[in-house]
Amino acid sequence: MAAALVGKEAAILMPTGTFGNSTAVMTYCKAGDTVLVDEEQHILLTEKFVFDPGFGRLTPVCYHQDSRHMPDPAEIDRLLTETGAKLICLENSHNFSGGYCIDLPTMAEIRKVADKHGAAIHLDGARLFHAAAGLGVTAAEICRYVDSVMFCVSKGLGAPVGSLLCGSWDFCGRARGTRKLLGGVMRQGGVVAAPAIYALEHNVARLQEDIDNARLAHGMLRGKLKKLGLQEEVQTNILMLDLTNAGILAGDFCARAKEKGLFIRPVRNDYRVRLVFYKGITRQNAVDAANIILALDSEL
Ligand SMILES: *Cc1c(COP(=O)(O)O)cnc(C)c1O
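Each value, and the rule that gives it
Residues numbered from 1 in each chain as written. Predicted model: local features only at pLDDT ≥ 70, side-chain atom pairs only at ≥ 80, totals over all residues. Heavy atoms only, no water. Helix = DSSP H or I, 4+ residues; strand = E, 2+ residues; numbered from the N terminus. Expected span 1.5 Å × (residues − 1). Buried < 20%, exposed > 50% of the residue type's maximum accessible area, 1.4 Å probe, protein only. Polar contact = N/O pair within 3.5 Å; in protein donor to acceptor, adjacent residues only side chain to side chain. Axes fitted to C-alpha atoms, helices over the stretch in contact; angles between N-to-C directions. Left-handed = near helix turned anticlockwise from the far one by under 90°. Contact = heavy atoms within 4.5 Å. Core = buried A, V, L, I, M, F, W, Y, C linked by side-chain atoms within 4.5 Å. Near = heavy atom within 4 Å. Areas by Shrake-Rupley, 256 points an atom, 1.4 Å probe, with all protein chains shown as cover. Nonpolar A, V, L, I, M, F, W, Y, C, P; charged D, E, K, R; others polar. Disulfide = S-S within 2.5 Å. Salt bridge = Lys/Arg side-chain N within 4 Å of Asp/Glu carboxyl O. Domains from an automatic or database assignment. Buried area = accessible area lost by both parts, 1.4 Å probe.

Peer 1: Mind showing me how you'd approach helix α2 (residues 17-28) here?
Peer 2: With 12 residues, α2 should reach 16 Å at 1.5 Å per residue; the first-to-last C-alpha distance of 17 Å fits that figure. Buried within α2 we find Gly 17, Phe 19, Gly 20, Asn 21, Ser 22, Thr 23, Ala 24, Val 25, Met 26 and Thr 27. The N-capping residue of α2, defined by a side-chain oxygen 3.5 Å from the backbone nitrogen of Thr 18, is Thr 16.

Printed below as a string of structure tokens:
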């Protein structure tokens, strides 16, 4: 079912997204190999496993985001030439940028570049279905440009646990071996699969609501904030606040928000706060959140 949704031959159930990404990358690579990753990619900054000198021992080479928060295929081309890397990792939607998407023309360009160098592409699609909703395309249309994709059912889709790694029969066969090696085989996996199936059947169609709620909050904040910075555009279900000029660190800001009933958290560093809109957040919650942030901003 998961494979069909993303247009691949096979899929494997994974305990977490980190597990799925690590399994995928370690299926393509061996210790010492070089991998292209986004400068702010989750695999690089949060998961770390595949690049850890005590575990995956891969070498990251970073590509950058352009002014539209997308990778530049020309830079990827140059980096593949310079490093001889045989794997490109993408993230769509992109967490730390604020939920920005890589559009289909850019995905297609990167595919062309990868083919020219004989490189594979793994997509971290933790929020793949939000990206699809944001771009107005199907998940399969995004995934046709990549060799493998990991998506989470445990985030916006609302299942309690689980991620899926999808790709060709051959790739998934080898990835099963990697998953076994890493200790990720779930014996009574049906217990994890059942809520995942429910989520895929019932919770994909409603993801546009999250994007609408994020845009609603963004619209209420845009042009109204004195100290806080706001990301330019909301493309999916994430909205980032920039505290660089706010005179307060993200942790303290979030503590003040919590006193007013808004639970948000710092991400990446002391100057960024992330709001994520998901199934548990209603339209009214989005309005209330924006009002709390407006009130906090006026107090700074
Ligand atoms: C959440 C997330 C993952 C996977 O995280 P787990 O907590 O291991 O399930 C991977 N990539 C991105 C971009 C994420 O936001």
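That covers the picture; the talk isn't over yet.
Peer 1: How should the packing of α2 against helix α8 (residues 169-182) be read in this particular structure?
Peer 2: In a pair of packed helices, the angle between the axes and the distance between the axes together describe the arrangement. It is at 9 Å that the axes of α2 and α8 come closest, and there the two elements cross at 115°. Regarding α2 and α8, the two cross each other, and that crossing is right-handed. From α2, Phe 19, Thr 23, Ala 24, Met 26, Thr 27 and Tyr 28 reach across to α8, where they touch Phe 171, Arg 174, Ala 175, Thr 178, Arg 179 and Leu 182.

Peer 1: Explain the nonpolar core to me, please; I cannot follow it from the model alone.
Peer 2: When a protein is soluble and globular, its nonpolar side chains tend to lie buried together. The biggest cluster of nonpolar side chains holds 45 residues, and the ones touching the most others in it are Leu 36, Ile 88, Leu 90, Leu 128, Ile 142 and Phe 151. Looking at this core element by element, the count peaks at 5 residues for helix α5 (residues 104-117). Apart from residues no more than four positions distant in its own chain, Ile 142 is found in contact with Asn 92, Leu 104, Met 107, Leu 123, Leu 128, Ala 131, Ala 132, Leu 135 and Val 137. With 26 residues, the next largest nonpolar core counts Ala 217, Ala 257, Ile 264 and Ala 289 among its residues.

Peer 1: Teacher, can you tell me more about the site of the ligand here?
Peer 2: Lining the immediate environment of the ligand, one finds 13 residues, of which Gly 17, Thr 18, Asp 124, Arg 127 and Lys 155 sit closest. Within the backbone of Gly 17, one N or O atom sits 2.8 Å away from an oxygen atom of the ligand. Here an oxygen atom of the ligand and a side-chain polar atom of Thr 18 are 2.6 Å apart. Protein chains shield 83% of the accessible area of the ligand, which is 380 Å² for the free molecule. Residue assignment for the shell around the ligand shows that the elements contributing at least two residues are α2 and α3 (42-47). Counting residues per element, the shell around the ligand draws most heavily on α2, at 3 residues. Tallied by class, the residues present in the shell around the ligand amount to 2 nonpolar, 6 polar and 5 charged.

Peer 1: Please clarify how the state of the cysteines should be interpreted in this entry.
Peer 2: Disulfide: a covalent bond formed between the sulfur atoms of two cysteine residues. Applying the stated criterion to the full structure yields 0 disulfides. Of all cysteine sulfurs, the one in Cys 166 lies closest to Cys 172, which takes part in no disulfide; the gap is 6.7 Å.

Peer 1: Explain the pattern of salt bridges to me, please; I cannot follow it from the model alone.
Peer 2: A pair can form between side chains of opposite charge whenever their charged atoms are brought close. Tallying each qualifying case throughout the model produces 13 salt bridges. A salt bridge links Arg 268 to Glu 40; the nearest nitrogen and oxygen atoms lie 2.6 Å apart. One end of the pair, Arg 268, is in the loop between β10 (265-266) and β11 (272-276); the other, Glu 40, is in the loop between β2 (34-38) and α3, with 228 residues separating them in the sequence. In this structure, the salt-bridge partner of Glu 75 is Arg 78, at a minimum N-O distance of 4.0 Å. In this pair, Glu 75 and Arg 78 are both assigned in helix α4 (residues 73-83), 3 residues apart and thus about one turn of the helix distant. Residues participating in the shared-partner salt-bridge network are Glu 40, Arg 268 and Arg 272.

Peer 1: Help me out: how do you make sense of the domain arrangement of the protein chain in this one?
Peer 2: Domains assigned within the protein chain are domain 1 (2-202) and domain 2 (207-299). Inter-centroid distance (C-alpha atoms) of domain 1 to domain 2 is 27 Å. Among the residues of domain 1 in contact with domain 2, Phe 96, Tyr 100 and His 130 are the three that bury the most area, contributing 36% of the side total. The interface formed by domain 1 and domain 2 holds 2 salt bridges in total. Glu 40 is paired through a salt bridge with Arg 272; the nearest N and O atoms lie 2.7 Å apart. Along the contact surface separating domain 1 from domain 2 lie 9 residue pairs in polar contact (both at pLDDT 80 or more). The residue makeup of the side of domain 1 that touches domain 2, split by class, is 8 nonpolar, 8 polar and 2 charged.

Peer 1: Would you take a moment to explain unusual backbone geometry for this structure?
Peer 2: Following Asn 92, the chain continues into Ser 93 via a peptide bond in cis, with omega recorded as -5°. Mapping Ser 93 onto the fold places it in the loop between β4 (87-91) and α5. In this structure, Lys 48 takes a positive phi of about 70° despite not being glycine. With respect to the helices, strands and loops of the structure, Lys 48 is situated in the loop between α3 and β3 (59-63). At Arg 57, a residue that is not glycine, the phi angle is positive and equals roughly 55°. The topology assignment puts Arg 57 in the loop between α3 and β3.

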